[in-house]
Amino acid sequence: MNKFDYEMLKCIHPFQDRAECQRVRNISRSEICNHPNENFKISVIENDTQFLLTFMLDIVRGIKESLELGKQHVIILPATMPEYAMVAQIINELNISCKHVHTFNMDEYANEDGKTAPRDWHGGFQYYMFKDFFSRIKPELAISEKQIHFPSDKNVTDYSKMIEDLGGADVCYGGIGWSGHVAFFEPHLWEEFGEDMDAYLQAGSRIVELHPLTVAQNSLYTDSGCVGDWSWCPPKAATIGPKDLANSKVVRFNAAFRLGNASWQKFITRLAAHGPVTPKVPASILQIINSELRISGALAADSETSEDSRVFF
């Protein structure tokens, strides 16, 4: 194949090292779990059903074990996913009390003025978390609403401290965004920190403007109709920061999103897990904190770049 040189589009992402992008893109299935930091554990779960079951049972196990030990259980949760309804069903079937549980959602949408979405807005994370999870738990087992938290324009400056005041999260769940964000802490925020990772890991909750890749990603989800309608997605959000992950006792991220034969997550998962640790790729902090990354077999599979892998319309 003839060589063709080009530079990356500057506005697409602050991480502009094409050679590094190519290196991580070519990381094979056999190499993907290897990492020099023993506190960063990468695993592959081949079966999609087992992958989802592992996530659901992990939440339930943490709630049950802390209940048996007589301890509070502080969880940072991503939003939103239909599987939360099955978590609620397991809790109900096993009759597990959640009175000791405190939840902090990672983020919530906001408008151009930084005003966050109300609980009853059907595109908001609060709406779906209550619809799919919190309201499905039997009243006698349910988490007290006083112990269910979402970042908002009213509390965002104190949100990280609210988590700290409870001793930090016992577990923080999440995923890697197309832009490489964690929660909605986006790559363009790197300019505030440069490459000072110590300062970056002290950055807490705030209102942020969403990255264009985040808007594109979220326009593919069910609450936006799965039609790629980027006009649906609000421009800003309230979000936790790197500090809240670093202060968590363990961080467990999952990577398993697919659209037919295409997956935006296949590349960014490799870049975050095996590329440079930099604020330009927020999820790269997983490499230097106590974290686990579970990858589906489909995402772990070798990347295909042959002509046979093209998609036609």
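Definitions and limits used
Residues numbered from 1 in each chain as written. Predicted model: local features only at pLDDT ≥ 70, side-chain atom pairs only at ≥ 80, totals over all residues. Heavy atoms only, no water. Buried < 20%, exposed > 50% of the residue type's maximum accessible area, 1.4 Å probe, protein only. Helix = DSSP H or I, 4+ residues; strand = E, 2+ residues; numbered from the N terminus. Pairing = 2+ DSSP bridges. Core = buried A, V, L, I, M, F, W, Y, C linked by side-chain atoms within 4.5 Å. Contact = heavy atoms within 4.5 Å. Salt bridge = Lys/Arg side-chain N within 4 Å of Asp/Glu carboxyl O. Axes fitted to C-alpha atoms, helices over the stretch in contact; angles between N-to-C directions. Parallel < 35°, antiparallel > 145°, perpendicular 65-115°, else oblique.

1. Focus on the pairing of strand β9 (residues 251-255)
The two faces of a sheet get side chains in turn, since along a regular strand they alternate between them.
Here comes step 1: Of all five residues that make up β9, five are buried, and the element is covered over most of its length.
Here comes step 2: Both faces of β9 are covered, namely the face carrying Val 251, Phe 253 and Ala 255 and the face carrying Arg 252 and Asn 254.
Here comes step 3: In terms of strand pairing, strand β6 (residues 171-174) meets β9 through three bridges, oriented parallel. Counterpart to Cys 172 in the pairing with β9 is Val 251.
Here comes step 4: Bridge count for β9 against strand β10 (residues 291-296) is five bridges, and the pairing is parallel. Across the sheet, Arg 252 pairs through a bridge with Glu 292, a residue of β10.

2. Concerning the nonpolar core
Here comes step 1: Core analysis: the biggest nonpolar cluster contains 54 residues, and Ile 76, Ile 176, Ile 240, Leu 245, Phe 253 and Leu 293 have the highest contact counts within it.
Here comes step 2: Beyond its immediate sequence surroundings of up to four residues, Ile 176 is in contact with His 181, Phe 253, Asn 254, Trp 264, Gln 265, Ile 268, Thr 269, Ala 272, Ala 283, Leu 286 and Leu 293.
Here comes step 3: Residues Ile 75, Met 129, Phe 134 and Ala 142 belong to the second largest nonpolar core, which totals 29 residues.

3. Points about the pattern of salt bridges
A side chain with one charge can pair with a side chain of the opposite charge if their charged atoms come near.
Here comes step 1: Tallied over the entire structure, the rule returns 17 salt bridges.
Here comes step 2: The salt bridge involving Arg 252 is made with Asp 58; its shortest N-O contact spans 3.1 Å. Of this pair, Arg 252 sits in strand β9 while Asp 58 sits in helix α2 (residues 48-69), placing them 194 residues apart in sequence.
Here comes step 3: Arg 252 sits in the buried class, given a relative accessible area of 16%.
Here comes step 4: Of the residues examined, Asp 58 reaches a relative accessible area of 3% and is grouped as buried.
Here comes step 5: One salt bridge connects Glu 65 with Arg 61, and the closest N-O pair in it is separated by 3.8 Å. Here the residue Glu 65 and the residue Arg 61 both occupy positions in helix α2, the gap between them amounting to four residues, near one helical turn.

4. Some points on the packing of helix α1 (residues 18-25) against helix α9 (residues 265-274)
Here comes step 1: Packing of α1 against α9 leaves a shortest axis separation of 9 Å and a crossing angle of 105°. Overall, the two elements α1 and α9 adopt an arrangement that is roughly perpendicular. Contacts between α1 and α9 involve Glu 20, Cys 21, Arg 23, Val 24 and Arg 25 from the first element and Phe 267, Arg 270, Leu 271 and His 274 from the second.

5. A closer look at the sheet that holds strand β7 (residues 206-209)
Here comes step 1: Here three strands make up an open sheet; going across it, the order is β4-β8-β7 and the pairing antiparallel. The open sheet terminates on both sides in strands that have one partner only, identified here as β4 (107-110) and β7. Strand-to-strand twist in this sheet, taken as the mean axis angle between neighbours without regard to direction, amounts to 30°.
Here comes step 2: Pairing geometry for β4 and strand β8 (residues 236-239), over four bridges, is antiparallel. Pairing of Asp 107 across the sheet is with Thr 239, part of β8.

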